[in-house]
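Summary of the model geometry
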Amino acid sequence: MTQAQANDQDNDRRSFFRRAGAFLASLGLGTAGAQAAEASPEIQSSPQKQRRGNVVTHGDDPLFSGTIVHGGLVYLAGIGAHFDGDIQDHTDHVLSQMEEKLQDAGSSMEQALKVTVYLHDLGDYEPMNEVFRGRFGDNPPVRSTVATYGGVPGDSLVEMDCVAALEEE
C-alpha cells in the first residue's frame, strides 16, 4: 500500500467516525453517556469482578472460580452431580445447587439469563427436561444443550453453568 493510499484510508476512517458521531448526537445518544459520567463519577470506573465461593486449584495454581459477580451479572461455573443416581437425580441436584449459589451471590433462578446444559448422553434430554421445566419461573432463561464427547467431568450425567442478573434492590 502506498503512503497516499494509507492516508486516504485514514481519512475515510476518520470521516466514518465523524458521521457516526453526528448520527448518534442527532438521536440524543452522542452526549448522554458523557453527561451521565459527569453526573455520576462511579460510572467512569469499571466495577471490579468479585469472586464468590471457591476457587478450584490445580496443585498450588488457581484454575477457575466457582462464582464471579461483575457488572450486575452473576457467572456460575459448571455445576455437576458426583454421586450415583439417574439423570433426574443429577438434574435436580444441579438445579438445587445452582439456586443456592445464585441466592448466595444476590440473584435467583428467576433472574437467570443464560444456562448451558452439558449432557453425558443425549438420550437423557427428555428426562432432564422433565426436572428442568418450571425451575426458572414463568420467564425461563435462554438455554443451550449439548451432549459432550467423552462425557461430563467427574462422572456426572449432567453439568450446567449459568449467567444471571443481580436482584434489583
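Owing to the predicted nature of the structure, the values given are computational and were not obtained by experimental measurement.

How each quantity is defined
- Residues numbered from 1 in each chain as written.
- Predicted model: local features only at pLDDT ≥ 70, side-chain atom pairs only at ≥ 80, totals over all residues.
- Heavy atoms only, no water.
- Helix = DSSP H or I, 4+ residues; strand = E, 2+ residues; numbered from the N terminus.
- Buried < 20%, exposed > 50% of the residue type's maximum accessible area, 1.4 Å probe, protein only.
- Contact = heavy atoms within 4.5 Å.
- Areas by Shrake-Rupley, 256 points an atom, 1.4 Å probe, with all protein chains shown as cover.
- Core = buried A, V, L, I, M, F, W, Y, C linked by side-chain atoms within 4.5 Å.
- Salt bridge = Lys/Arg side-chain N within 4 Å of Asp/Glu carboxyl O.
- Axes fitted to C-alpha atoms, helices over the stretch in contact; angles between N-to-C directions.
- Parallel < 35°, antiparallel > 145°, perpendicular 65-115°, else oblique.
- Left-handed = near helix turned anticlockwise from the far one by under 90°.
- Nonpolar A, V, L, I, M, F, W, Y, C, P; charged D, E, K, R; others polar.
- Expected span 1.5 Å × (residues − 1).
- Arc of directions from axis to C-beta.
- Polar contact = N/O pair within 3.5 Å; in protein donor to acceptor, adjacent residues only side chain to side chain.
- Pairing = 2+ DSSP bridges.
- Right-handed = clockwise from strand over helix to strand, strands pointing away.

Comments concerning the overall build of the chain
In terms of helices and strands, the chain carries four helices and six strands. In the chain, the order of α-helices and β-strands from amino to carboxyl end is α-α-β-β-β-α-β-α-β-β. Classification of the 169 residues of the chain by burial places 27% in the buried group. Of all intrachain contacts in the chain linking residues separated by at least 6 positions in sequence, the fraction that spans at least 24 positions is 67%. Total accessible area on the chain stands at roughly 11100 Å², and carbon and sulfur atoms take up 50% of it.

What about the nonpolar core?
Among the nonpolar cores identified, the biggest contains 25 residues, and Met98 and Met160 are the most heavily contacted of them. Secondary-structure elements contributing two or more residues to this core are strand E3 (73-80), helix H3 (87-104), strand E4 (112-119), helix H4 (125-132) and strand E6 (158-165). For this core, the element with the highest residue contribution is H3, accounting for five residues. Setting aside its immediate chain neighbours within four residues, Met98 contacts Leu76, Ile79, Met109, Val115, Phe136, Met160, Asp161 and Cys162.

Describing the pattern of salt bridges
Taken as a whole and assessed by the stated rule, the structure comprises one salt bridge. Note that Asp92 and Arg135 form a salt bridge whose closest N and O atoms lie 2.9 Å from each other. Taken together, the residues Asp92 in helix H3 and Arg135 in the loop between H4 and strand E5 (142-147) connect sequence positions 43 residues apart. The class of Asp92 is partly exposed, set by a relative accessible area of 37%.

Re unusual backbone geometry
For Asp155, which is not glycine, the phi torsion reads 60° and is therefore positive. Position of Asp155 relative to the elements: it lies in the loop between E5 and E6.

Section: the packing of H3 against H4
Angle between the axes and distance between the axes are the two parameters that describe a pair of packed helices. Packing of H3 against H4 brings their axes to within 9 Å, and their N-to-C directions diverge by 40°. On the basis of the axis angle, H3 is oblique to H4. Like other packed secondary-structure pairs, H3 and H4 cross with a definite hand, here right-handed. On H4, the residues touching Ile87, Gln88, Thr91, Asp92 and Leu95 of H3 are Pro127, Met128, Glu130, Val131 and Phe132. Grouping the amino acids of the contact of H3 with H4 by side-chain chemistry returns six nonpolar, two polar and two charged.

Examining H3
In a regular helix each residue adds 1.5 Å, so 18 residues correspond to 26 Å; H3 covers 26 Å between its end C-alpha atoms and thus fits that length. Among all positions of H3, only Ile87, His90, Thr91, Val94, Leu95, Met98 and Leu102 are buried. Down the axis of H3, the buried side of the element spans an arc of 125°, and every buried residue falls inside it. Close packing links the buried residues of H3 with E3, E4, H4 and E6. You can read the cap of H3 off the contacts: a side-chain oxygen lies 3.1 Å from the backbone nitrogen of Gln88, and it is on Asp86. Looking one or two places after H3, you find Gly106, whose phi comes out positive at around 95°.

Structural notes on the environment of Ala164
In this fold, Ala164 is placed in strand E6. The spacing of Ala164 and Val69 is 95 residues in sequence and 9.5 Å in space, taken between C-alpha atoms. In this structure, Ala164 is in contact with Gly72, Leu73, Val74, Leu102, Ser107, Ser108, Gln111, Ala112 and Leu113, ignoring residues within four places of it in sequence.

Topic: the pairing of E5
Direction of pairing for E4 relative to E5: parallel, over a ladder of six bridges. In the sheet register, Leu119 faces E5, and the bridge partner there is Ala147. Where the polypeptide runs from E4 across H4 and back to E5, its parallel neighbour, the crossover connection is right-handed.

Keep in mind that these numbers describe shape and distance, not what the molecule does.
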